[in-house]
Every structure is written in structure tokens, then in C-alpha cells.
Amino acid sequence: ADTTASDKTWVIAMDTVFRPFEYTDENGDFVGIDVDIIKAVAADQGFKIDIQSLGWDAAVTAVQAGQADALLAGASITDERKANGWIFSDSYYDSYQVFATKTGSGIETLEDLKGKTVAVKNATAGAQYAESLKDEYGFKVDTYEDSPTMYQAVVLGQADACVEDKPIMADSIKSGNLDLVIAESTASDVAPYGLAIMNEKNQEFLDMFNAGLKEIKDNGTYDEILDKYLGN
Ligand code: GLN
């Protein structure tokens, strides 16, 4: 028999710790903005999903290898990625990259990073942002596998600063009670997040995602999700 779209279970690859977009809460449940959005869109469009929390790098690799159908992990929509075969959905959140340092470090601007070491998360927009600035400002880049180890490198003094998406940084510092402060003057341009597929054959899924995203924006569910994780 034919397998129709509604029979298929779509495998969605996600990051592991990327608060508040995806993380495991105190009850051991995998939650977050990305998780709630895909569940709401799936319910609206009537498709089945299998969420796999793999880590950023592994999630990208899984989608590239066809082991997962789509990447939903606060992925920044960039021209470079589009040129590399990433096909993005409509955007669902505006974000930007920013540096953070240890409280009291005296590092407030990019100029202050001369001779310093900056921790980045492998293959992220933040890593790319740091790479684009390191020669001009004379700092060194050290790569870490995930967000928590990157933050710990700065907390423990193995690096002088780190770079990540602003909402993740703000939430991670607050929830983890990290002794870090965001250096707002180091911010990048805004790049929105999108779900990504890397195989044209999954265009059908992208279309369903876009339709569902529009629907949950129109009916208030999207705002409720943002409010739940970002509301004051
Ligand atoms: N937004 C960043 C990027 O797209 C980081 C994503 C992540 O680490 N989950 O590279």
C-alpha cells in the first residue's frame, strides 16, 4: 500500500541542552520552545513525529545523512547554510550572537578581547561569528562540543569569553546561576531561527511545517509557548 504523508513518522533532530528552546527539565522531561512548537504544529497538521535529542553537531549530521528528516534546534537562517544545501522553513524567532565574560573580567568590548581566548560551540553561528572577528580583534578561538561545557570553560577560567545566541545565554546564566555577564556591545546582526531540511524530498514536510506554524501563530498557541518559556 502507498505510504501517505499522514502515515509517516517524521524524525526531528534536536539539540540536547539549548535552554529555553530544548532541554531536560527537573522532572526528566525533554521540553522547550522547539519541542512545544513541533508538537503543536504536528497536532494542527495531523502528522506524527519522533523527536531525537542528539546534540547540535550530531543533529546536523543526522539530517545531512538522512537519518533524520528535519533539524529543529534554534538553527540560525544564514546565506552560507542555504548555499550548503540547507532548506529553511519560515522563521519562527529572531535571535543574534553575543559574547559573555566572567563577572568582573573587565572585558566589555571586542577590543578588550586582544590576546584572549574565546570559547565557541562547534559548527554554530556563534563559532562562525567569532571566527569572522578573531583576526581583526586578535583573539584565539577554542571549540567545545555543547553549550554547558562552553560556559564552564569561561566559569573555570579556561577561556576568557564565550559566544552564543542571546536568549540561550540569558536563560543559561539565569537558570544555571553562572557567574557570567553578557557584553551587549559585541552583538551580531539579527538572524532568525528556522526548521531546516537538507533533502528536497522532504519539501512536503517543510510545507506542512510552514502551514502549521502560520496556524499556531494565528490562533495564539505560538504566543502561549513563547510566554511559557520566556515570559516574565
Ligand atoms: N543558532 C545557532 C546556530 O544556528 C546555535 C544553534 C544550537 O547550538 N542549537 O548555529
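The structure presented is a predicted model; accordingly, all values stated were derived computationally and were not measured.

Chemist: Quick one: what's the story with the environment of Leu213, residue by residue and with numbers?
Modeler: Structurally, Leu213 is set in helix α7 (residues 203–218). C-beta crowding within 10 Å serves as the criterion here: with 23 such atoms nearby, Leu213 is assigned to the buried category. With 172 residues separating them along the chain, Leu213 and Val41 place their C-alpha atoms 6.1 Å apart. With residues near it in sequence (within four places) discarded, Leu213 still touches Val41, Ser89, Asp90 and Tyr92.

Chemist: Describe the site of the ligand, listing the residues and the values that go with them.
Modeler: Near the ligand, the surroundings consist of Asp15, Phe18, Trp56, Ala73, Gly74, Ala75, Ser76, Lys121, Thr124, Ala125 and Asp165. Per-class residue counts for the shell around the ligand are 5 nonpolar, 3 polar and 3 charged. Here the shell around the ligand spans two domains, and each of domain 1 (9–92 + 194–230) and domain 2 (96–190) adds at least three residues to it.

Chemist: Can you explain the confidence of the model for the chain? Please cite residues and give values.
Modeler: The predicted coordinates of low-pLDDT regions are not to be read in fine detail. Of the residues in the chain, 97% have a pLDDT of 70 or more, and the chain-wide mean is 96. Among the prediction metrics, the complex's ipTM stands at 0.98, with pTM recorded as 0.96.

Chemist: For the domain arrangement of the chain, give the residues involved together with the corresponding values.
Modeler: Assigned domains of the chain: these are domain 1 (9–92 + 194–230) and domain 2 (96–190). With 12 residues of domain 1 at the contact, the number on the domain 2 side is 14 residues. Each residue belonging to the side of domain 1 that touches domain 2 can be placed in one class, and the counts come to 5 nonpolar, 5 polar and 2 charged.

Chemist: Describe in detail helix α5 (residues 147–155), supporting the description with residues and values.
Modeler: Among the residues of α5, those classed as buried are Ser147, Met150, Tyr151, Ala153 and Val154. The arc enclosing the buried residues of α5, seen along the axis, measures out at 150°, which places them on a common side. Next to the buried residues of α5 lie β7 (93–102), β8 (117–121), β9 (140–144), β10 (161–165), α6 (166–176) and β11 (180–183). Following α5 by one or two positions, Gly157 adopts a phi angle in the positive range, close to 85°.

Chemist: Can you break down α6 residue by residue, with the values?
Modeler: Those residues of α6 lying buried are Pro167, Ile168, Met169 and Ser172. Where α6 is buried, its residues meet β7, α5, β10 and β11. At the exit of α6 stands Asn177, carrying a positive phi of roughly 55°.

Chemist: Which residues make up unusual backbone geometry, and what values go with them?
Modeler: Here the amide bond leading from Arg19 into Pro20 is cis, since omega sits at 0°, within 30 degrees of zero. Mapping Pro20 onto the fold places it in the loop between β1 (9–14) and β2 (23–24). In this model, Ala123 sits at a positive phi of 65°, which is unusual for a non-glycine residue. Position of Ala123 among the secondary structure elements: in the loop between β8 and α4 (125–137). Phi angles above zero are rare outside glycine, and Asn177 is one such case at about 55°. Following the sequence through the fold, Asn177 ends up in the loop between α6 and β11.

Quick notes on the rules
Residues numbered from 1 in each chain as written. Predicted model: local features only at pLDDT ≥ 70, side-chain atom pairs only at ≥ 80, totals over all residues. Helix = DSSP H or I, 4+ residues; strand = E, 2+ residues; numbered from the N terminus. Buried ≥ 20, exposed ≤ 12 C-beta atoms within 10 Å, placed from the backbone. Contact = placed C-beta atoms within 7 Å. Near = placed C-beta within 6 Å. Nonpolar A, V, L, I, M, F, W, Y, C, P; charged D, E, K, R; others polar. Domains from an automatic or database assignment. pLDDT = per-residue confidence, 0-100. Arc of directions from axis to C-beta.

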